[in-house]
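Secondary and tertiary structure notes
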Amino acid sequence: MNPLNMYRETSIKTAGQGKLIVLLYDEAIKNLDKAIAIIDSGTKQYDKASNAIIKALDIITELSASLDFEKGKDIASNLFSLYVYFNRQLTTANLDKDSAPLKPVRNMMLELRSAWKQIENTKETSGKGTAGIDVAG
């Protein structure tokens, strides 16, 4: 294994829950960007766009599965509703080979990522670590 992959693996294994959520959003956004670029390029490399969309869908499924409705209550319920919407939009984009449904999802995921990053930074600067950031994914 090369050193960069070893670093990434160690970084993920030792990350707190909040950081993992940020990393998941980063990866989903990266795949949405890739799918949008491929579809908008007109190259008709739909298999590559589809693979990127499927990776983003897998991440959204993981985020959805990580929701704690008992602790998160309304926040978890609202995030779940967003994730259902994201899933529909990505599925539509994949079937229609159209990037338009991906763009609002990408923007909303970027906002959610920013919010989780801010929570993560607040936890780090307050010295409280990432404990308790399990209300949603």
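Just so we're clear, the structure is a prediction, and the values are computed from it rather than from any experiment. (Residues numbered from 1 in each chain as written. Predicted model: local features only at pLDDT ≥ 70, side-chain atom pairs only at ≥ 80, totals over all residues. Heavy atoms only, no water.)

1. A closer look at the overall build of the chain
Scanning the chain for helices and strands turns up 5 helices and 0 strands. In sequence order, the chain lays out its α and β elements as α-α-α-α-α. Considering only residue pairs separated by 6 or more positions, the chain has 65% of its internal contacts joining residues 24 or more positions apart. Of the accessible surface of the chain, which amounts to about 8100 Å², a share of 54% is contributed by carbon and sulfur atoms. (Helix = DSSP H or I, 4+ residues; strand = E, 2+ residues; numbered from the N terminus. Contact = heavy atoms within 4.5 Å. Areas by Shrake-Rupley, 256 points an atom, 1.4 Å probe, with all protein chains shown as cover.)

2. Comments concerning the nonpolar core
In terms of nonpolar packing, the biggest core is built from 30 residues, with Tyr-25, Ile-53, Tyr-83, Leu-90, Leu-102 and Met-109 touching the most fellow members. The set of elements that each furnish at least two residues to this core consists of helix H2 (17-41), helix H3 (46-65), helix H4 (69-96) and helix H5 (102-126). By residue number, the principal contributor to this core is H2, which donates 10 residues. (Core = buried A, V, L, I, M, F, W, Y, C linked by side-chain atoms within 4.5 Å. Buried < 20%, exposed > 50% of the residue type's maximum accessible area, 1.4 Å probe, protein only.)

3. Quick notes on the packing of aromatic side chains
Per the counting criterion, the structure on display carries 3 aromatic pairs. For the ring pair Phe-69 and Phe-80, a centre distance of 5.8 Å and an interplane angle of 75° mean the geometry is edge-to-face. Plain terms: the ring middles of Tyr-85 and Phe-86 are 6.1 Å apart, the flat faces sit at 55° to each other, and that makes the pair tilted. Using a relative accessible area of 26% as the deciding quantity, one classes Tyr-85 as partly exposed. Among the residues examined, Phe-86 registers a relative accessible area of 0% and is labelled buried. A network of ring pairs unites the aromatic residues Tyr-83, Tyr-85 and Phe-86 as a single cluster. (Phe/Tyr/Trp six-rings, centres within 6.5 Å; stacked < 30°, edge-to-face > 60°.)

4. Regarding the packing of H3 against H4
Between H3 and H4, the shortest axis-to-axis distance is 10 Å and the interhelical angle comes to 165°. Accordingly, the angle class assigned to the pair H3 and H4 is roughly antiparallel. Both H3 and H4 take part in a crossing whose hand is left-handed. Residues Ser-50, Ile-53, Ile-54, Ala-56, Leu-57, Ile-60, Leu-63 and Ser-64 of H3 form the contact with H4, whose own contacting residues are Phe-80, Tyr-83, Phe-86, Asn-87, Leu-90, Thr-91, Ala-93 and Asn-94. Classifying every residue of the contact of H3 with H4 gives 11 nonpolar, 5 polar and no charged. (Axes fitted to C-alpha atoms, helices over the stretch in contact; angles between N-to-C directions. Parallel < 35°, antiparallel > 145°, perpendicular 65-115°, else oblique. Left-handed = near helix turned anticlockwise from the far one by under 90°. Nonpolar A, V, L, I, M, F, W, Y, C, P; charged D, E, K, R; others polar.)

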